[in-house]
Amino acid sequence: MEDISVAICDDSALMRNLISRVIDETEGLTVAGKAMNGKFLVDKLSLFKPDVIVLDIEMPEMTGVEFLRWRKQNKVDIPVIILSSIAEKGAAVTIECLELGAADFITKPNGSISADISSVSDRLIELIASYGGSYARRHGKHVRSSEFFSNLGSDRLVERKLATAMGKEKAQEFLANKSAAPSAPTPSFLSSTGPKAPAVIEPLRKPGKIEVIAIGISTGGPNALRDVFKMIDPHLKQPVLVVQHMPAGFTKEFANSLNKICALNVKEAEDNEPIESGNIYIAPGNYHIYVEQSNFGKKMLRLSQEPQRNGHRPSADVLFESVAKIYQNHALGVIMTGMGKDGAVELAEMRKQGAWTLGQDEATAIVYGMPKVAYELGGVQKQVPLDKMADEISKLARENI
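No experiment lies behind these values; they were computed from the predicted model shown.

Calculation criteria
Residues numbered from 1 in each chain as written. Predicted model: local features only at pLDDT ≥ 70, side-chain atom pairs only at ≥ 80, totals over all residues. Heavy atoms only, no water. Core = buried A, V, L, I, M, F, W, Y, C linked by side-chain atoms within 4.5 Å. Buried < 20%, exposed > 50% of the residue type's maximum accessible area, 1.4 Å probe, protein only. Helix = DSSP H or I, 4+ residues; strand = E, 2+ residues; numbered from the N terminus. Contact = heavy atoms within 4.5 Å. Pairing = 2+ DSSP bridges. Axes fitted to C-alpha atoms, helices over the stretch in contact; angles between N-to-C directions. pLDDT = per-residue confidence, 0-100. Polar contact = N/O pair within 3.5 Å; in protein donor to acceptor, adjacent residues only side chain to side chain. Salt bridge = Lys/Arg side-chain N within 4 Å of Asp/Glu carboxyl O. Phe/Tyr/Trp six-rings, centres within 6.5 Å; stacked < 30°, edge-to-face > 60°.

Focus on the nonpolar core
Here is a general trend for soluble globular proteins: nonpolar side chains tend to be buried in one another's company. Counting 60 residues, the largest nonpolar core has Leu41, Leu55, Ile213 and Phe229 as the members making the most contacts within it. The element contributing the most residues to this core is helix α13 (residues 386–399), with six residues. Dropping the residues within four chain positions of it, Leu41 is found in contact with Ala7, Cys9, Ala35, Phe48, Ile53, Leu55 and Phe67. Membership of the second largest hydrophobic core comes to 28 residues, among which are Val212, Ala283, Val291 and Leu319.

And the structure:
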């Protein structure tokens, strides 16, 4: 196995060293090189030859935004992950980075710089493994799967919780003893093997007319949604409800950015608003989104801050569960790229109720986690590559109105 190589671009020497430490301490990752600004990175890119770039936004000489413009103009396809302290305060700048081709972003919470990086290290590794791994495999490298790194993250989380509960030394002793014992089987959604044969679901009713389209998506989602919505049928009649795992403070800007490239109206969902045809509603960060039927039969969007489900709020499972209940066989459910299993169980429930269902295929998913589990549970009628997803959604919607 080869390592996923990472270039780090940040004007803070301390931050460059802290990010390097996270990478060096993670099996399967290696630092390809470090740069103090975008100009230095441009000059050294051919030497570094990274599989992924971790990029700050505010830097002297050449900012992160300027580097992304250079990258786009020069058709450089190395994926870029934004890691910046201004990201949350400057949501518009962060979304501009996505529009310029950045793959994803991480915000650093308030606090000391060392505390910041430790609190986002698991998420950073997940994104590096997902985007860097996908790029490396496309270019012929044999690297570890995203699921391998997900397992590492789960192990680190267990270790931190044990250290808090038992003390560091006792936790290390406990884990050392546990590692000597036979290991439990790896859950299928963390397995690096291909999908198992799907379970067979016998729908309670035949698929009917499509009245709503519900989409669940996570890692790899920002650019995947851009690809889908810029190609979606401009005459689509059905409303589209979207759960994209994204932090609070960004989804309104993200919806606005999608609205610029989509013929349909794209907006951030609001609580208690009626669901109107031809609109695309993006779940706000940190809020579940679900459908409720009023006493007068009107379908309404509702938001809640109920506990996370599958580690997420918003959760695709919450949305799909309500769609299965309210619309039954008059819906289309779509599950796309993302790590873990959010949305998989309730997409299978949608299928059981008679809904139409689609899943992104393994070849085009940045992370074939959520769609893989949904497929194995029998919840996916058809697997579709990303470049065909808009056409498939539009075709089903036109034919079943």
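Some thoughts on the sheet that holds strand β14 (residues 356–360)
Read across the sheet, seven strands follow the order β8-β10-β7-β6-β13-β14-β15 without closing on themselves; strand pairing throughout is parallel. Bordering the open sheet on either side are β8 (265–268) and β15 (382–384), each of which pairs with just one other strand. Between one strand axis and the next, the sheet turns by 20° as a mean value, whatever way the strands run. Pairing between strand β6 (residues 212–217) and strand β7 (residues 240–244): five bridges, direction parallel. Across the sheet, the residue bridging to Ile215 is Val242, located in β7. Packed on one face of the sheet, helix α8 (residues 221–229) meets β6, β7 and β10 (279–282) and runs near 160° to β7. Contacting β6, β13 (331–335), β14 and β15, α13 runs over the sheet at an angle of about 170° to β14.

With respect to the confidence of the model for the chain
Mean pLDDT over the chain works out to 90, with 87% of the residues at or above the 70 mark. Contacts from residues 157–163, a stretch scored under 50 in pLDDT, to residues over four places away or in other chains number nine contacts. Segment residues 184–191: pLDDT under 50, and 14 contacts once partners within four positions in sequence are set aside and those in other chains are kept.

Concerning the environment of Asp51
If you trace the backbone, Asp51 turns up in the loop between α2 (38–48) and β3 (52–55). C-alpha of Asp51 to C-alpha of Arg137: the two residues are 86 residues apart in sequence and 9.4 Å apart in space. The contacts of Asp51, once residues within four sequence positions are left out, are Asp3, Ile4, Ser5, Ile78, Pro79, Gly132, Tyr135, Ala136 and Lys141. There is a polar contact of 2.7 Å between the side chain of Asp51 and the side chain of Lys141.

Here's the deal with the pattern of salt bridges
Enumeration over the complete set of coordinates arrives at 16 salt bridges. Its salt-bridge partner being Glu27, residue Arg144 comes within 3.6 Å of it at the nearest N-O pair. Here Arg144, found in the loop between α5 (113–138) and α6 (146–166), pairs with Glu27, found in the loop between α1 (13–24) and β2 (29–35); they are 117 residues apart in sequence, far enough to count as distant. Judged by relative accessible area, Arg144 falls into the buried class, the value being 17%. The salt bridge partner of Asp233 is Arg398, with a shortest N-O separation of 3.2 Å. You can see Asp233 sitting in the loop between α8 and β7 and its partner Arg398 sitting in helix α13, a full 165 residues away along the chain. Taking relative accessible area as the criterion, Asp233 reaches 11% and is therefore assigned buried. Members of the salt-bridge network, linked through shared partners, are Asp3, Glu27 and Arg144.

A look at the packing of aromatic side chains
Each pair of aromatic rings is reported with the distance of its centres and the angle of its planes. Evaluated as defined, the whole model comprises three aromatic pairs. Taken together, a centroid distance of 4.6 Å and an interplanar angle of 40° make the contact between Phe105 and Phe250 tilted. Remark: Phe250 occurs in the loop between β7 and α9 (251–261) and Phe105 occurs in strand β5 (residues 104–107); sequence separation between them is 145 residues. Considered together, Phe105 and Phe250 belong to a single accessibility category, that of buried residues.

Examining the sheet that holds strand β11 (residues 288–293)
In space, the three strands of this open sheet follow the order β9-β12-β11, with antiparallel pairing throughout. At either end of the open sheet lies a strand with only one pairing partner, and these are β9 (273–274) and β11. With two bridges joining them, β9 and strand β12 (residues 299–304) adopt antiparallel strand pairing. Bridge pairing links Glu273 to Leu301 in β12. This element, helix α10 (residues 316–327), spans β11 and β12 of the sheet and lies at about 10° to β11.

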